[in-house]
Amino acid sequence: MSPNYIDGPNGKLAIEKIDGTGPTVIWLGGFRSDMTGTKAGYLADWAKARGQAFLRFDYSGHGASAGEFEKGCISDWAADARHAIETLTEGPVIPVGSSMGGWVSCLLIPHLKARLAGLVFIAPAPDFTSELMWPSFSEEVQKTILEQGFIDEPSEYDEAPTRITQKLIEDGAQNKVLNRPIDVEAPVRVLQGMADPDVPWEHAIRLVETLTSSDIQILMTKSGDHRLSSPEDLARLGAVLDELT
């Protein structure tokens with residue numbers, strides 16, 4: 001795909017907007033991922049086939065957008081998402097947050113509340129820096145981050161290591177959402193794999209317990225991994241959106 005660009009709060013943002021009927025489905029990707037992934041591509045094809053309005057973009061420091069990943073943090077990426085949505089969409093929206101994108105979705109709820117026609121979470125990872133990442137580090141790694149300001153960790157999803165910064169950890173702690181009720185009335189659908197090595201299924205349950213919506217459904221697959229990108233997983237995602245739209 002050849003993206004278009006808009007000016008964002010942290011530099012140029014690469015975007016793809018597909019015009020169609022509302023509500024607009026919005027792809028919110030994961031940590032260090034981009035909008036060319038399998039699920040985002042599936043949703044673009046799904047939207048085109050249905051004539052559904054759709055928006056996907058790369059956060060700053062991700063994919064084709066400007067900026068350096070190592071200098072970014074949750075606050076920056078949530079600001080990117082809010083700007084893209086407010087600039088490029090009108091009317092009802094359905095954010096689809098994958099992994100870290102689920103955290104971004106939660107941070108956007110107060111700003112989009114009246115516009116939300118639904119929320120879809122895929123292996124959601126709210127508060128992952130505090131709840132999942134930091135506790136998994138050894139004392140030595142934690143000390144290195146605090147003294148050096150960063151550490152380069154091997155990635156299962158990329159040949160290059162992922163730089164984890166003290167800024168990311170500290171900013172994540174300032175953006176926690178699981179420590180209080182998340183006020184939302186829109187229908188919520190959660191897709192989660194029980195074989196997810198990165199985000200335990202219990203973490204998705206914590207999110208569900210925090211959301212106040214009375215219309216929440218969890219689709220749990222026993223063999224599902226973190227990507228949830230198999231043909232069967234994609235079909236479930238499409239079916240969920242068929243219902244919500």
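Everything here concerns the structure above.
Rules and cut-offs
Residues numbered from 1 in each chain as written. Predicted model: local features only at pLDDT ≥ 70, side-chain atom pairs only at ≥ 80, totals over all residues. Heavy atoms only, no water. Helix = DSSP H or I, 4+ residues; strand = E, 2+ residues; numbered from the N terminus. Rg over C-alpha atoms; globule rule 2.2 N^0.38 Å. Areas by Shrake-Rupley, 256 points an atom, 1.4 Å probe, with all protein chains shown as cover. Lys, Arg positive; Asp, Glu negative; His and termini not counted. Charge placed at Lys NZ, Arg CZ, Asp CG, Glu CD. Buried < 20%, exposed > 50% of the residue type's maximum accessible area, 1.4 Å probe, protein only. Pairing = 2+ DSSP bridges. Right-handed = clockwise from strand over helix to strand, strands pointing away. Core = buried A, V, L, I, M, F, W, Y, C linked by side-chain atoms within 4.5 Å. Contact = heavy atoms within 4.5 Å. Salt bridge = Lys/Arg side-chain N within 4 Å of Asp/Glu carboxyl O. Axes fitted to C-alpha atoms, helices over the stretch in contact; angles between N-to-C directions.

Undergrad: Help me out: how do you make sense of the overall build of the protein in this one?
TA: Assigned secondary structure in the protein consists of 8 helices and 10 strands. Here the C-alpha atoms of the protein give a radius of gyration of 17 Å, agreeing with the 18 Å that 2.2 N^0.38 yields for 245 residues. Reported as C-alpha extents along the three principal axes, the dimensions of the protein are approximately 50 × 40 × 35 Å. Put simply, the protein shows about 11,000 Å² of open surface, and 48% of that area lies on carbon and sulfur atoms. Side chains of the protein give 21 positive and 36 negative charges; the mean places of these two sets differ by 3 Å.

Undergrad: What is the right way to look at the pairing of strand β3 (residues 21-28) in this model?
TA: For a regular strand, side-chain orientation follows a simple rule: the groups alternate between the two sheet faces. Within β3, 6 of the 8 residues are buried, which leaves it mostly tucked inside the rest of the structure. With 4 bridges joining them, β3 and strand β4 (residues 52-57) adopt parallel strand pairing. Looking at β4, one finds that T21 is bridged to Q52. On the question of chirality, the crossover connecting β3 to the parallel β4 by way of helix α1 (residues 38-50) is right-handed.

Undergrad: What should I look at first to understand the nonpolar core in this one?
TA: Looking at soluble globular proteins, one finds that nonpolar side chains tend to be buried together. Residues L28, F57, I74, L116, F121, I164 and L211 are the most contacted members of the largest nonpolar core, which totals 50 residues. It is helix α3 (residues 100-112) that contributes the most residues to this core, 8 residues altogether. If sequence neighbours within four positions are ignored, F57 has contacts with A14, I15, I26, W27, L28, M35, D80, A81 and A84. Of all hydrophobic cores here, the second largest spans 19 residues; its members include W46, F54, I122 and L244.

Undergrad: I'm lost on the pattern of salt bridges in this one. Help?
TA: Two side chains carrying opposite charge are able to pair once their charged atoms lie near each other. The final tally for this structure, using the stated rule, is 13 salt bridges. Two residues, D152 and R163, come together in a salt bridge whose shortest N-O distance is 2.8 Å. A residue pair is termed long-range when its members are at least 10 positions apart, and D152 in strand β7 (residues 150-153) and R163 in strand β8 (residues 162-165) qualify at 11 residues. Linking R236 and D233 is a salt bridge whose minimum nitrogen-to-oxygen distance equals 2.8 Å. Here D233 and R236 lie together in helix α8 (residues 231-244), a separation of 3 residues that amounts to about one turn. If you follow the salt bridges from partner to partner, you end up with E131, K176 and R206 in one network.

Undergrad: Explain the sheet that holds strand β9 (residues 188-193) here, please?
TA: As a general point, the strands of a sheet are linked pairwise by backbone hydrogen bonds and lie either parallel or antiparallel. In spatial order, the strands read β1-β2-β4-β3-β5-β6-β9-β10; together these 8 strands make up an open sheet with mixed pairing. On the outer flanks of this sheet lie β1 (4-8) and β10 (216-221), each paired with one strand and no other. For this sheet, the mean angle separating the axes of adjacent strands, direction not counted, is 20°. Relative to strand β5 (residues 93-98), β3 runs parallel, the two being bridged by 5 bridges. Bridge pairing links L28 to G97 in β5. Against the sheet, α1 engages β2 (11-18), β3, β4, β5 and β6 (119-122), with an angle of about 155° to β4. Strands in contact with α3 are β3, β5 and β6; relative to β5, the strand with the most contacts, it is inclined by about 150°.

Undergrad: Can you walk me through the environment of F121 in this structure?
TA: Its place among the elements puts F121 in strand β6. On the basis of relative accessible area, F121 is assigned to the buried category, the value being 0%. As for F121 and P110, which are separated by 11 residues in sequence, their C-alpha atoms are 17 Å apart. In this structure, F121 is in contact with G97, G102, S105, C106, V188, R189, V190, L191, L207 and L211, ignoring residues within four places of it in sequence.

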